[in-house]
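Next come the chains, spelled out residue by residue.
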Amino acid sequence: MKITSTKESSTLADLLTKKGVSRRDFLKFCSAMTATLALPVNYFERVVKAVEQTKKPVLVWLEFQDCAGNTESLLRASTPSISEVVLDVLSVDYHETIMSAAGRQAEEALAMATAEPGSYLVVVEGSIPTKDRGVYCTIGGRTALDIAQEICGNAMATITCGTCSAYGGIPAAAPNPTGAIGVAEAVPGITVINLPGCPMNVTNLTATVVHFLTFGQLPLTDNFGRPLFAYGSRIHDDCERRAHFDAGQFVEAWGDEAHRAGWCLYKMGCKGPATSHNCPVTRWNDQTNWPIGAGHGCVGCSEPNFWDTMTPIYRRLPNVPGLSVEWTADQVGMVVAGAVAGGFALHGLGSFIRNRVEPIERTEVEVGEE
Amino acid sequence: MSVQVAEEKSIEKTGRVYIWEIPVRLTHWTNVACIIILSFTGYYIGNPYISVSPREFYGTYFMGLMRFIHMATAYIFVGSLVVRTYWAFIGGNQWASWRALVPFFTPEGRGKLLNTILYYFFLRRHPPTTLGHNALAGFTYGFIVLLYFTQVLTGFALYGQSDPGGLWWNLTSWLFIFVSNQMVRLIHHLVMWLLIAFAVHHVYSAWLVDTEEANGLMSSIFSGWKFIVPESSESKAKQKVSHQQPDKPGEK
Ligand code: HEM
Ligand code: HEM
Ligand code: SF4
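Quick caveat, the model's predicted, so the values are computed rather than measured.

Rules of the game
- Residues numbered from 1 in each chain as written.
- Chains lettered and ligands numbered in written order.
- Predicted model: local features only at pLDDT ≥ 70, side-chain atom pairs only at ≥ 80, totals over all residues.
- Heavy atoms only, no water.
- Axes fitted to C-alpha atoms, helices over the stretch in contact; angles between N-to-C directions.
- Helix = DSSP H or I, 4+ residues; strand = E, 2+ residues; numbered from the N terminus.
- Parallel < 35°, antiparallel > 145°, perpendicular 65-115°, else oblique.
- Contact = heavy atoms within 4.5 Å.
- Nonpolar A, V, L, I, M, F, W, Y, C, P; charged D, E, K, R; others polar.
- Donors = N, O, S within 2.8 Å, 3.2 Å for Na, K, Ca; no water.
- Tetrahedral: all angles 85-135°; square planar, octahedral: opposite > 155°, others 65-115°.
- Buried < 20%, exposed > 50% of the residue type's maximum accessible area, 1.4 Å probe, protein only.
- Pairing = 2+ DSSP bridges.
- Near = heavy atom within 4 Å.
- Polar contact = N/O pair within 3.5 Å; in protein donor to acceptor, adjacent residues only side chain to side chain.
- Buried area = accessible area lost by both parts, 1.4 Å probe.
- Salt bridge = Lys/Arg side-chain N within 4 Å of Asp/Glu carboxyl O.
- pLDDT = per-residue confidence, 0-100.

**Comments concerning the packing of helix 4 (residues 107–120) of chain B against helix 5 (residues 135–160) of chain B**
All names here are of chain B. Across the interface, helix 4 lies against helix 5 with an axial gap of 7 Å and an inter-helix angle of 100°. Of the possible angle classes, the one that applies to helix 4 and helix 5 is roughly perpendicular. Only Ala 135, Leu 136 and Phe 139 of helix 5 make contact with helix 4, whose side of the interface consists of Gly 109, Lys 112, Leu 113, Thr 116, Ile 117 and Tyr 120. Partitioned by chemical class, the residues of the contact of helix 4 with helix 5 number 6 nonpolar, 2 polar and 1 charged.

**Brief notes about the coordination of the iron atom of ligand 1**
Residue and element names in this part refer to chain B. Protein coordination of the iron atom of ligand 1 is provided by His 70 (NE2) and His 188 (NE2), with donor distances spanning 2.0 Å. Coordination geometry of the iron atom of ligand 1: the 6 donor atoms subtend angles of 85 to 179° at the metal centre, consistent with an arrangement described as octahedral. Note that His 70 is positioned in helix 3 (residues 62–91) and His 188 in helix 8 (residues 181–213), a separation of 118 residues in sequence. Judged by its relative accessible area of 19%, His 188 falls in the buried class.

**Quick notes on the coordination of the iron atom of ligand 2**
Residues and elements named next belong to chain B. Taken together, the protein donors to the iron atom of ligand 2 comprise His 28 (NE2) and His 202 (NE2), at separations of 1.9 Å. Taken together, the 6 donor atoms surrounding the iron atom of ligand 2 define angles of 87 to 178° at the centre, an arrangement classified as octahedral. Placement of the pair is His 28 in helix 2 (residues 22–46) and His 202 in helix 8, with a sequence separation of 174 residues. Accessibility expressed as a relative area gives 22% for His 28, which makes it partly exposed. The exposure class assigned to His 202 is buried, which follows from its relative accessible area of 19%.

**A few points about the sheet that holds strand 1 (residues 58–63) of chain A**
All names here are of chain A. Spatial ordering of the open sheet is given by 2-1-3-7-9, a layout of 5 strands whose pairing is parallel. Among the strands making up the open sheet, the edge pair consists of strand 2 (94–95) and strand 9 (192–195). Bridge analysis of strand 3 (residues 120–125) against strand 7 (residues 157–161) gives 5 bridges, and the strand direction is parallel. Opposite Val 124, over in strand 7, you have Thr 160 as the bridge partner. Most of the contacts of helix 10 (residues 202–215) go to strand 7, to which it runs at about 170°, and overall it touches strand 1, strand 3, strand 7 and strand 9.

**Some remarks on the site of ligand 2**
All names here are of chain B. In the vicinity of ligand 2 lie 17 residues, with His 28, Arg 84, His 133, Tyr 141 and His 202 positioned nearest. Tyr 141 places a polar side-chain atom, nitrogen or oxygen, 2.5 Å from an oxygen atom of ligand 2. Note that a nitrogen atom of ligand 2 is positioned 2.7 Å from one of the side-chain N or O atoms of His 202. Taken together, the elements giving at least two residues each to the shell around ligand 2 come down to helix 2, helix 5, helix 8 and helix 9 (217–223). By residue number, the principal contributor to the shell around ligand 2 is helix 2, which donates 5 residues. Here the residues of the shell around ligand 2 sort into 13 nonpolar, 3 polar and 1 charged.

**Quick word on the site of ligand 3**
Taken together, A:His236, A:Cys239, A:Arg241, A:Arg242, A:Phe245, A:Cys264, A:Leu265, A:Tyr266, A:Cys270, A:Gly272, A:Pro273 and A:Ile292 make up the full set of residues near ligand 3. Looking at side-chain class alone, the shell around ligand 3 contains 8 nonpolar, 2 polar and 2 charged residues.

**Focus: the packing of helix 2 (residues 23–36) of chain A against helix 10 of chain A**
When two helices pack together, you describe them by how their axes are tilted relative to each other and by the distance separating the axes. All names here are of chain A. Direction vectors running N to C along helix 2 and helix 10 enclose 90°, while the axes themselves pass 9 Å from each other. Taken together, the axes of helix 2 and helix 10 are roughly perpendicular relative to one another. Residue-level contacts link Phe 29, Met 33 and Thr 36 of helix 2 to Thr 203, Asn 204, Thr 206, Ala 207 and Val 210 of helix 10. In terms of residue class, the contact of helix 2 with helix 10 is built from 4 nonpolar, 4 polar and no charged.

**Some thoughts on the interface of chain A and chain B**
Listed as interface residues are 54 residues of chain A and, on the opposing side, 60 residues of chain B. Each partner contributes to the roughly 4700 Å² buried at the junction of chain A and chain B, and carbon and sulfur atoms together form 58% of this total. Three residues stand out in chain A for area buried against chain B, namely A:Phe344, A:His347 and A:Arg354, and they jointly supply 13% of the buried area on that side. Counting the contacts that link chain A with chain B gives 1 salt bridge. For the pair chain A and chain B, the number of links is 20 residue pairs in polar contact (both at pLDDT 80 or more). For the side of chain A that touches chain B, the secondary-structure elements that each account for two or more residues are helix 13 (242–247) and helix 17 (329–357) of chain A.

**Here's the deal with the pattern of salt bridges**
Residues and elements named next belong to chain A. Scanning the model with the defined rule gives 13 salt bridges over all chains in all. A salt bridge links Lys 28 to Asp 25, with the shortest nitrogen-to-oxygen separation between them at 3.7 Å. In this pair, Lys 28 and Asp 25 both sit in helix 2, 3 residues apart, roughly one turn of the helix. On the basis of relative accessible area, Asp 25 is assigned to the partly exposed category, the value being 34%. The closest approach of N and O atoms between Asp 237 and Arg 242, which form a salt bridge, is 2.9 Å.

**Describing the confidence of the model for chain B**
All names here are of chain B. Residues with a pLDDT of 70 or more make up 82% of chain B, whose mean pLDDT is 82. Averaged over each element, pLDDT in chain B is lowest for helix 10 (residues 230–242) (43) and highest for helix 2 (95). Throughout residues 231–252 the model reports pLDDT below 50, and contacts reaching past four residues in sequence, or to other chains, amount to 31 contacts. Both scores are available for the predicted complex, with the pTM at 0.86 and the ipTM at 0.85.

Dropping the structure here:
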């Protein structure tokens, strides 16, 4: 089997034409990208130019401790979207799940694509185990950590797709048996942009790549290395059910009248108020719908350590550390306040008794008035 | 401390002394009002027990209103804390000073702390005489002030999230690097209960000390004046030596 050469000279525009993408669709795609990146309209032409003139940059897609959910997210759009085509064109060089090469051929493809340091982009999916010298994930006899250090270490930039590669994700949930961590932690000092989410949204991946092509650098990020264009505002603030939240209209039980009427899922444990992501705007499966739109609360999947910090999924607040899950924060608080009240009630009784047994002597005093 | 000597003289004459200046009393009652409002609205935000139907009289912006009241009151609360902090460091008298909140820094303070604890455990008939906060109360207020600032920090951190890049977001978003978002909420929620627990203890103790010591403690937070009962001011000199009440020498 012949492995596609990475040094083709045709531009992305040529490749898209070959794939049967019309000029009109291409422009639609570019305007969608401009909007996703929250760029002013006059950047549109710049985006178009950058994307069409790009010499297919090399992009390799590594998978470690993952469920291939991000790959699924990429591939399972209901109709083949243009971003899928763009990414497909970009990522031909190495992608374990979708490439036809296997074994040695696959290894060769990776070696070829990454031969020249600083010439390629890496997408990583899945966390990197570090316990027991990383034996819990090995590919071709090498540990994930080893591969990441080499491939990500020499890349132009690394894009982590999904919460696992960004922060360790589900494999890193307590008690984290494999010592899983994200790429930025595993290979310190490299250029990484995080696209967490379970899975990440393909639109954001494409937009990040387009930003890179247009400006030659990665978009601005927040404290957790996430691009602001996609993670800059809270789900709760863009949510279509927000009017019901502000009104005080809440779903009380699954399937109740309020649920059927599309009221706010706050009391069902929705973590929209704690989560930054553009799901309400970008949506999923070709902008068809998204979790809250489908009637389930947000689980906060794009936040670091979400499996530990956002649970219980169907309760608003986490469990009080050290107490059994049966205790809600309010119950704990009421017990504390009640115990104090009880304690001092007893103290009051004690004082009363003492004052009977041993009355306070009061001396009459004359107080000079001013 | 010459100030204290002069004061003790005036106390002996009139039996009363002006302790709580206006800013102290004003911020105390502002805080009380704010905490009551913040607790009611905060509890509703945390657990919206009233679900509103569009036909009801409180309209279709009930949670919005609760949150608005919570945030607006929060600003007043912060204003009050700023005034009180200024008064503790710069403006206020010796009893309003921040030193009252850390009695354990001086040997005398530690002695009084211990004796007040003994008093609460019925092991001592009277608490040590004090003009300002008694040592244990001061220590408790120190803890309460920490809780106040915890509420302000966590509250504004939660508030700032609705406006990324805004003032509060810039000032507080570093918090989420150390504490997860949900944990910040839990802390904000639990501290409310700690403050409620404190309020229970606080009002009881104010009443207890007021009735047992007859020093006008309760009214002092309205008027600013406290009374020194000669009995206790006499024993004061002895107390300084022995930290004990003369009428109860045989205590355990
Ligand atoms: C003594 C003072 C305060 C008390 C007792 C209090 C109490 C509460 C409680 C119980 C909640 C619900 C928490 C939950 O279950 O998620 C809450 C929410 C909140 N509080 Fe406070 N709070 C206080 C001060 C403040 C301050 C100073 C601010 C500053 C702006 C603030 C801002 C907020 C915000 C933004 C929320 C969350 C609202 C939301 O998620 O929509 N609070 N507060
Ligand atoms: C009916 C209600 C209340 C009464 C009669 C009352 C009475 C008093 C009195 C007499 C003092 C000063 C004397 C001392 O103990 O050293 C004081 C100080 C204080 N109280 Fe209250 N209190 C009330 C409610 C509250 C509440 C609800 C809170 C807060 C949750 C609170 C917080 C404080 C604090 C922090 C101080 C120290 C004041 C300062 O140095 O600025 N109080 N209160
Ligand atoms: S459903 Fe969730 S995100 Fe939407 S308004 Fe309600 S709490 Fe906020």
